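Examining the three-dimensional arrangement
Each chain is listed here by its residues.
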2 protein chains.
Amino acid sequence: MAIQLYDFWRSNAAFRVRVALELKRMPFEAIEIDLLAGRQFDPAYAEVNPELVVPTLVHNGDRFSQSLAIIEYLDHLQPDPRLIPLDPRERAYAQSLALVSIADSHPLTAPRVRKHLGAAFDADAATVEAWCRTWTSEGLAAYERLLAKRPAAPFALGAAPTIADICIAGQIVLAELYDAKLTPFPNVIALGEQCFGLAAFAEAHPYRQRGYAIQH
Amino acid sequence: MAIQLYDFWRSNAAFRVRVALELKRMPFEAIEIDLLAGRQFDPAYAEVNPELVVPTLVHNGDRFSQSLAIIEYLDHLQPDPRLIPLDPRERAYAQSLALVSIADSHPLTAPRVRKHLGAAFDADAATVEAWCRTWTSEGLAAYERLLAKRPAAPFALGAAPTIADICIAGQIVLAELYDAKLTPFPNVIALGEQCFGLAAFAEAHPYRQRGYAIQH
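We now turn to the structure provided with this report. Every value quoted in this text rests on a predicted model; they were computed, and no experiment measured them.

1. Digging into the overall build of chain A
- Secondary structure summary: chain A contains 10 helices and four strands in total.
- The order of α-helices and β-strands along chain A, N terminus first, is β-α-β-α-β-β-α-α-α-α-α-α-α-α.
- Computed over the C-alpha atoms, the radius of gyration of chain A is 17 Å, within 12% of the 17 Å expected from 2.2 N^0.38 for a compact globule of 216 residues.
- With respect to the three principal axes, the spread of C-alpha positions in chain A is 45 × 45 × 30 Å.
- The proportion of buried residues among the 216 residues of chain A is 49%.
- The contacts of chain A with a sequence gap of at least 6 include a subset with a gap of at least 24, amounting to 70%.

Following this line, the structure appears as structure tokens:
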């Protein structure tokens, strides 16, 4: 079961897939696409992923994109541990938590958006950082309200981590990257401590990737 | 099987759920949350949906948010017609197409983003429209490249519409709202003609909603 992952240390969507692969103990070959250098726009990568984003997962010659779709496919390949619950109501809850980061908060801080802010509004680096901090904090605030309503025990869905925890942990990684304060979000902090206490989350962290070490 | 939908005519995510309900012929009661008037921030709505977004679907007292999670839950309640294929590879393909709009393009044009552009960059109405047109066109271009690689026949996954077509149709609706040109995207245009040729898509269109008629 050879798996390749087109990956980049800083990509939050790639972080999600790395955590999933680590939790499932599925070995994979990482292929770096340097998003900061614009390598996702290379013609050769357009053949791999016409959307020109990472991650792309390759399995038996099939290519998969979008972290949520990839993680559900991994649940099919290796159901233990399952990251998207089978019970329809719990499944919808897990997916809706995941989509707070995937669909509402993280897209606003993607590289192409940061770049466009400079082009469209002459935004300097500090202004772009402030933009990213604003939307990262909005996502964290939404998670705090959701976790206050249904407290984690100790993970968002119960005893074991799921796609929901992976995405909340990713949002915490964004807070680190953009220096957003976590202190107003005690439920998020507590969940993050559970997640990053696990080797799978810790190993997948951007700062633990080889590409980060080379660039810093 | 009483279903309520917290809805707004202009919400693209609500459009997706309306199409799904129409395709499945599931009757529902629409409850309008006027996003342009900021009603999603009312304390009473925070009880319904702590993320303060629409749509929210209510079924037997359970509340569901995020269009993708809602539509998968509807596939559980009423599997005919199924909108997310069961085959794992086709399922991942359908979801990844859906997420081009849900996770990458549409989030950049949400009401809170348009509002923040004014606050952060003194962007006037024309500048905000240009921002929305840019990201809507980026999403359409990604769809065009993906459909060129695997042509629709006549829908994205084959004979019947799925979540992928719903999201591509939603992207076409965004193009109408922001006056983005469709002409560079012939595969998208052809798919849109298939979709809006069906009553379920046509009925769910923003301009066919009661709230639109009242505000225009």
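Moving on, there is more to tell.
2. Examining the relation of the copies chain A and chain B
- For the match of chain A to chain B, the screw axis carries a shift of 0.0 Å, the RMSD comes to 0.0 Å, and the turn is 180°. Both chain copies can therefore be described as sitting about a two-fold axis. Identified as the residue of chain A closest to the rotation axis by C-alpha distance is Ala103(A), at 2.0 Å.
- A high fraction, 100%, of the interface residues of chain A reappear at the interface in chain B, so the copies pair face to face through one surface.

3. Examining the sheet that holds strand 3 (residues 56-59) of chain B
Residues and elements named next belong to chain B.
- On the basis of which strands lie adjacent, the open sheet formed by four strands has the order 2-1-3-4 and mixed pairing. In this open sheet, the two strands that pair with only one neighbour each are strand 2 (29-32) and strand 4 (62-65). For this sheet the average axis-to-axis angle between neighbouring strands, irrespective of direction, equals 20°.
- For strand 1 (residues 3-7) and strand 2, the ladder comprises four bridges, and the chain directions are parallel. By the bridge assignment, Gln 4 is partnered in strand 2 with Glu 29.

4. A closer look at the interface of chain A and chain B
- Taken residue by residue, the interface counts 33 residues in chain A and 33 residues in chain B.
- Elements with a contribution of two residues or more to the side of chain A that touches chain B: strand 4 (62-65), helix 3 (67-77), helix 4 (88-105), helix 5 (111-121) and helix 6 (125-149) of chain A.
- For the side of chain A that touches chain B, the element with the highest residue contribution is helix 4 of chain A, accounting for 10 residues.
- Tallied by class, residues from the side of chain A that touches chain B come to 19 nonpolar, seven polar and seven charged.

5. Here we look at the packing of helix 6 of chain A against helix 7 (residues 163-178) of chain A
All names here are of chain A.
- The N-to-C vectors of helix 6 and helix 7 enclose an angle of 150°; their axes lie 9 Å apart at closest approach. Comparing the axis directions of helix 6 and helix 7 gives the class roughly antiparallel. The hand of the helix 6/helix 7 crossing is left-handed. Between helix 6 and helix 7, the residues in contact are Glu 129, Cys 132, Arg 133, Thr 136, Gly 139, Leu 140 and Tyr 143 and Ile 168, Gln 171, Leu 174, Ala 175 and Tyr 178, respectively.
- For the contact of helix 6 with helix 7, the per-class residue count stands at seven nonpolar, three polar and two charged.

6. Topic: the environment of Gln66(B)
- Tracing the sequence through the fold places Gln66(B) in the loop between strand 4 and helix 3 (67-77).
- The class of Gln66(B) is buried, set by 29 C-beta atoms lying within 10 Å.
- Taking the C-alpha atoms as reference points, Gln66(B) and Glu51(B), separated by 15 residues in sequence, lie 9.7 Å from one another.
- Not counting residues up to four positions away in its chain, the partners in contact with Gln66(B) are Gln95(A), Ser96(A), Leu99(A) and Ala103(A).

Thresholds applied
Residues numbered from 1 in each chain as written. Chains lettered and ligands numbered in written order. Predicted model: local features only at pLDDT ≥ 70, side-chain atom pairs only at ≥ 80, totals over all residues. Helix = DSSP H or I, 4+ residues; strand = E, 2+ residues; numbered from the N terminus. Rg over C-alpha atoms; globule rule 2.2 N^0.38 Å. Buried ≥ 20, exposed ≤ 12 C-beta atoms within 10 Å, placed from the backbone. Contact = placed C-beta atoms within 7 Å. Least-squares fit on C-alpha atoms with pLDDT ≥ 70 in both. Pairing = 2+ DSSP bridges. Axes fitted to C-alpha atoms, helices over the stretch in contact; angles between N-to-C directions. Nonpolar A, V, L, I, M, F, W, Y, C, P; charged D, E, K, R; others polar. Parallel < 35°, antiparallel > 145°, perpendicular 65-115°, else oblique. Left-handed = near helix turned anticlockwise from the far one by under 90°.

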